[in-house]
Structure formats: structure tokens, C-alpha cells
Amino acid sequence: MQITEADIEKTNDEKPKKKWKKIILTILAVWIGLAIISGIAQTCVEDENTGNSSTTSKTFNGFENITFGTNKNTALQIMKDNGWVQISENRTTVGNYGNIMAHQILFKKDGIANFSGHDFSFVTLFFEENTGAFYSFTISFKFDKKDEKKYKKFVKDCTSISDFKFCGNGIAEDGEASVYQNSRGDACMVSWGQASNVYYLSFQYLWTNA
């Protein structure tokens, strides 16, 4: 077979063409790869943001599935249906100047109740007098003595029902209280009380819209 000059020129032309094809294909492959990686990264960021959003938007709605703002009569029926017995009802003043009237109702469980993994027997619910809206409740746990280790355990458990964070100290009925607040603005006041030789660790939860 005889190779002519024309054949040589044809071969030399094909080599640059093949070389450019390889370069173009390589560039395309790189861009496609980067696009895929970018898409995966974006999805991870969105998933992470979604997770953070669900955490910070976690809300807390009251006791025994009674939503804050629920009408008094409806709330009392729910308490009864859940085995709670009304012990007493008093009108009391609340607010910084004691000029707001509310109904304070004490309940006892027909049996032992459980809240955040701890047993208790009594709970106090508060309703605004004018609107009848449920806006606060208090749960107290009984102790033989003040125990710092148990205190921390109870505070951790009873504030984990929402995204409560410590925000300072305040004044409770029996003295100083530690105040916690969640992302919606609801508050939780933690304080010690004492009756005879028995200590009570109380958690009062307050609706932000009250």
C-alpha cells in the first residue's frame, strides 16, 4: 500500500479534531459534575435549615392538651375527662399592680399524674376573669429537702417540653424564681416553696398572649 502526501495531510487534520473533541467533552464532564455536587450541597443546606426551623418554631400549648386561650368551661370538661377532680376555685389578683382578676382553680388527680417523667398529684389552672381564657398553670413536686442534683434534673425535664431557655431571675410568691422563655414568648417560672418540713419545687407556665 502506498501512502501519499494527501493521506498524511488528512491524518494530521484528524488529530487536532480528536484532541479538541476530548477537551470539549472533558470540560462538559467537569461542569456536569460540579452542577451535581452543587445540587447535593444545596439540598443539604435546605434540609439543615428546615431542621433548625422546626426546632425554633416548637411551641407549647398548655396542660392536658388544653391550648392556651381555651374557654374555661371547655377546659374544665377536658380536665374532668382526664380524671381530674376540682378541689377549689378562688378569685385572685394578678399583674404588676394587682389590678387584673383571674380564676385560680386547684385540681387533684384521681390517681397519680405524670408530667415530663415525674409523678405529682395537684395542678393549678388560671383563667382570665373577663374572657375566661386559660392562660397559666402551676405544677409542684414534693421533696424532703432541697436537692441541687434533683433540681437540675427536674428543671431540665420540665423546660424540655418546649424550647425554653434561661433568661434571668424574677420574684415569685415565695421568693426568688428562675425565669425561662421559649421562642414564642411563653414563660416558665421555677421556684422553691416550703410548708412545714416539706419543700415544693414549682413550675408556673404563662401564656405570652395573656
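Residues numbered from 1 in each chain as written. Predicted model: local features only at pLDDT ≥ 70, side-chain atom pairs only at ≥ 80, totals over all residues. Heavy atoms only, no water.

Draft legend 1. Quick peek at the layout of surface pockets. One number sums up the size of the second largest pocket: a volume of about 150 Å³. Looking at the second largest pocket, the residues that line it are Asn61, Gly62, Phe63, Glu64, Asn65, Ile66, Trp84, Ala113, Asn114, Phe115 and Phe120. Breaking the lining of the second largest pocket down by element, the ones donating at least two residues are strand 1 (62–63) and strand 4 (100–115). When residues of the lining of the second largest pocket are assigned to their parent elements, the largest contribution, three residues, is made by strand 4. Taken together, the residues of the lining of the second largest pocket sort by class into six nonpolar, four polar and one charged. (1 Å grid on protein atoms, 1.4 Å probe; cavity = no way out; pocket = protein on both sides within 12 Å on 5 of 7 lines; lining within 4 Å. Points joined across faces, edges and corners; volume = space filled by probe spheres on them. Helix = DSSP H or I, 4+ residues; strand = E, 2+ residues; numbered from the N terminus. Nonpolar A, V, L, I, M, F, W, Y, C, P; charged D, E, K, R; others polar.)

Draft legend 2. Region of the structure containing a nonpolar patch on the surface. Together, Val85, Ile87 and Phe122 line one region of the surface with nonpolar side chains, adding up to about 260 Å² of accessible area. Within the fold, Val85 resides in strand 3 (residues 84–94). (Patch = residues over 30% accessible without salt bridge, like charges linked within 9 Å, V, L, I, M, F, W, Y side chains within 5 Å. Areas by Shrake-Rupley, 256 points an atom, 1.4 Å probe, with all protein chains shown as cover. Salt bridge = Lys/Arg side-chain N within 4 Å of Asp/Glu carboxyl O.)

Draft legend 3. Spatial organisation of helix 2 (residues 72–81). Within helix 2, the full set of buried residues consists of Lys72, Ala75 and Met79. Along the long axis of helix 2, the arc covered by the buried residues comes to 65 degrees, so they all point the same way. Across helix 2 from its buried face, at more than 90 degrees, point the exposed residues Asn73, Lys80 and Asp81. Structurally, helix 2 contributes buried residues whose contacts are with strand 1, strand 2 (66–67), strand 3, strand 4 and strand 5 (118–128). Looking at the residues trailing helix 2, positive phi occurs at Gly83, about 90 degrees. (Buried < 20%, exposed > 50% of the residue type's maximum accessible area, 1.4 Å probe, protein only. Arc of directions from axis to C-beta. Contact = heavy atoms within 4.5 Å.)

Draft legend 4. Here's a closer look at the confidence of the model for the protein. In this model, the protein carries a mean pLDDT of 76, and residues with pLDDT of at least 70 account for 67%. The secondary-structure element of the protein with the lowest mean pLDDT is helix 1 (residues 5–56), recorded at 43, while helix 2 shows the highest, at 95. Taken as a whole, residues 23–57 scores under 50 in pLDDT and shows three contacts with residues more than four places along the chain or in a different chain. (pLDDT = per-residue confidence, 0-100.)

Draft legend 5. How the structure looks around the environment of Val190. You can see Val190 is positioned in strand 9 (residues 187–195). The spatial distance from the C-alpha of Val190 to the C-alpha of Ser202 is 5.7 Å, given a sequence separation of 12 residues. Apart from residues no more than four positions distant in its own chain, Val190 is found in contact with Tyr151, Val155, Glu176, Ala177, Ser178, Tyr180, Leu201, Ser202 and Phe203.

Draft legend 6. A look at the side chain of Ser178. Mapped onto the elements of the fold, Ser178 is located in strand 8 (residues 175–181). There is a polar contact of 3.5 Å between the side chain of Ser178 and the side chain of Tyr151. Leave out the neighbours within four places in its chain, and Ser178 touches Tyr151, Phe166, Gly168, Asn169, Cys188, Met189 and Val190. (Polar contact = N/O pair within 3.5 Å; in protein donor to acceptor, adjacent residues only side chain to side chain.)

Draft legend 7. Up close: the pattern of salt bridges. What the rule picks out here adds up to five salt bridges. A salt bridge links Glu129 to Arg91; its shortest N-O distance comes to 2.5 Å. Remark: Arg91 occurs in strand 3 and Glu129 occurs in the loop between strand 5 and strand 6 (134–143); sequence separation between them is 38 residues. Residue Lys153 is joined to Asp157 by a salt bridge in which the shortest nitrogen-to-oxygen separation is 3.4 Å. Here the residue Lys153 and the residue Asp157 both occupy positions in helix 3 (residues 148–159), the gap between them amounting to four residues, near one helical turn. For Asp157, a relative accessible area of 14% corresponds to the buried category.

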